[in-house]
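Examining the three-dimensional arrangement
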Amino acid sequence: MTNPSSRAEWRATAGLLALSAVPVLAGAFRVAELASGAEVTPANARFFAVPLPVVVHIIGASLFCVLGALQFHSGLRRRRPRWHRIAGRVLVPCGLAAAVSGLWMTLFYPLPALDGARFGILGLVRLGFGTAMAVAIVLSFVAVRRRDFARHRAWMIRGYAIGQGAGTQALTHLPWVLLVGQPGVFAHAMLMIASWVINLAFAEWIIRRRPRRRPRSVPVPRPGQVAQAG
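Described below are features of the structure shown in this document. Note that this is a predicted model, so its numbers are computed, not measured. The residue numbering used here restarts from 1 in each chain and proceeds along that chain's sequence as written. The predicted nature of this model means local features are confined to residues of pLDDT at least 70 and side-chain atom pairs, given and counted, to a pLDDT of 80 or more, with totals for whole chains, interfaces and linings taken over all residues. Side-chain calculation: all heavy atoms of the structure are included, whereas hydrogens and water are not.

Remarks on a nonpolar patch on the surface
For patch building, the residue pool is restricted to those with more than 30% relative accessible area and no salt bridge; the joining distance is 9 Å between like charges and 5 Å between nonpolar side chains (Val, Leu, Ile, Met, Phe, Trp, Tyr). Exposure was quantified through the Shrake-Rupley algorithm and a 1.4 Å probe, taking into account, for residues, occlusion by the shown protein chains and nothing else. For this analysis, a salt bridge means a side-chain nitrogen from Lys or Arg found within 4 Å of a carboxyl oxygen belonging to Asp or Glu. On the surface, V50, W104, L107, F108, F119 and L124 cluster together into a nonpolar patch covering about 560 Å² of accessible area. In terms of residue count, the dominant contributor to the nonpolar patch is helix α5 (residues 81-108) (three residues). Strands here mean DSSP runs of E at least two residues long; helices mean DSSP runs of H or I at least four residues long; both are numbered from the N terminus.

As structure tokens, this is what we get:
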């Protein structure tokens, strides 16, 4: 029978997988569009002109988000330590590929009008968070090589929180679109930034929260022991 803590962990993992679904499906659609030679439009022309960065970004980010969600299940890590190590060796290069390709696209792709200037508010924040994600993954890797597992866990959680920004962005934008309509340049930037801030705040809460201590079981004396005690 599954205990409550295990069920809670599986719910958390399922939630992260659901959060990953929007960017993963959108990325799969983009890759299919590029592979099938779809019609070139102003919205996708930059991807057809230089497809490699966006393909690397989509594959790296998708694997990072999906495999990373499974890494949060502590029971799975304990029962399958070899799987955890193998998945970690995939996560590190995938996360770095996603971060570096995201930085490249911010710096060199023609940007949609909604994103504003390349070095406007959103552009600078993207560069900052992309760099922070790469640094967090590198620090996590260095920590695990030193067998500092607490620091490894903390930095990987931070890197994962930044990488999951695209999933949370769908949640921050949806209420605005339903209540107000399509956001302008400034509102769009604030909604994008809010997603990363929310994720990092939640990540810090996870890192700093104290694990619940299991109550100690009180040994039940055997009948013989009770008789001897009397």
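Some words on the packing of α5 against helix α6 (residues 121-145)
Helix-helix packing is described using two parameters, namely the angle between the two axes and the distance between the axes. Interhelical geometry of α5 versus α6 gives an angle of 160 degrees and a closest axis separation of 9 Å. As far as their axial angle goes, α6 and α5 are roughly antiparallel. Here α5 runs over α6; the crossing is left-handed. The segment α5 lies against α6, with V92, G95, L96, A98, A99, L103, T106 and L107 engaging G123, R126, L127, G130, T131, M133, A134, I137, V138 and F141. Each axis is a line fitted through C-alpha atoms, and for a helix only the stretch in contact is used; angles between axes span 0 to 180 degrees, taken between their N-to-C directions. Working rule for angles: under 35 degrees goes down as roughly parallel, over 145 as roughly antiparallel, 65 to 115 as roughly perpendicular, anything else as oblique. By definition, turning the near helix anticlockwise from the far helix through less than a right angle yields a left-handed crossing, and turning it clockwise yields a right-handed one. Whether two residues are in contact is decided by their heavy atoms, any of which lying within 4.5 Å being enough.

What to know about the side chain of E33
Relative to the helices and strands, E33 is located in helix α1 (residues 4-36). Three labels apply to residues, based on accessible area from a 1.4 Å probe with only protein chains included: buried if under 20% of the type maximum, exposed if over 50%, partly exposed otherwise in between. For E33, a relative accessible area of 14% translates into the label buried. By the criterion applied in these results, polar contacts are pairs of N or O atoms within 3.5 Å in which, for protein atoms, one can donate a hydrogen and the other can accept it, and in which residues neighboring in sequence qualify only through two side-chain atoms. Of the polar contacts made by the side chain of E33, one reaches the side chain of N44; its length is 3.2 Å. Every residue in contact with E33, bar those within four places of it in the chain, is listed here: A38, N44 and F48.

Observations regarding unusual backbone geometry
The backbone of R147 sits at a positive phi, close to 65 degrees, despite the residue not being glycine. Here R147 lies in the loop between α6 and α7 (149-163). R147 sits in the exposed class, given a relative accessible area of 62%.

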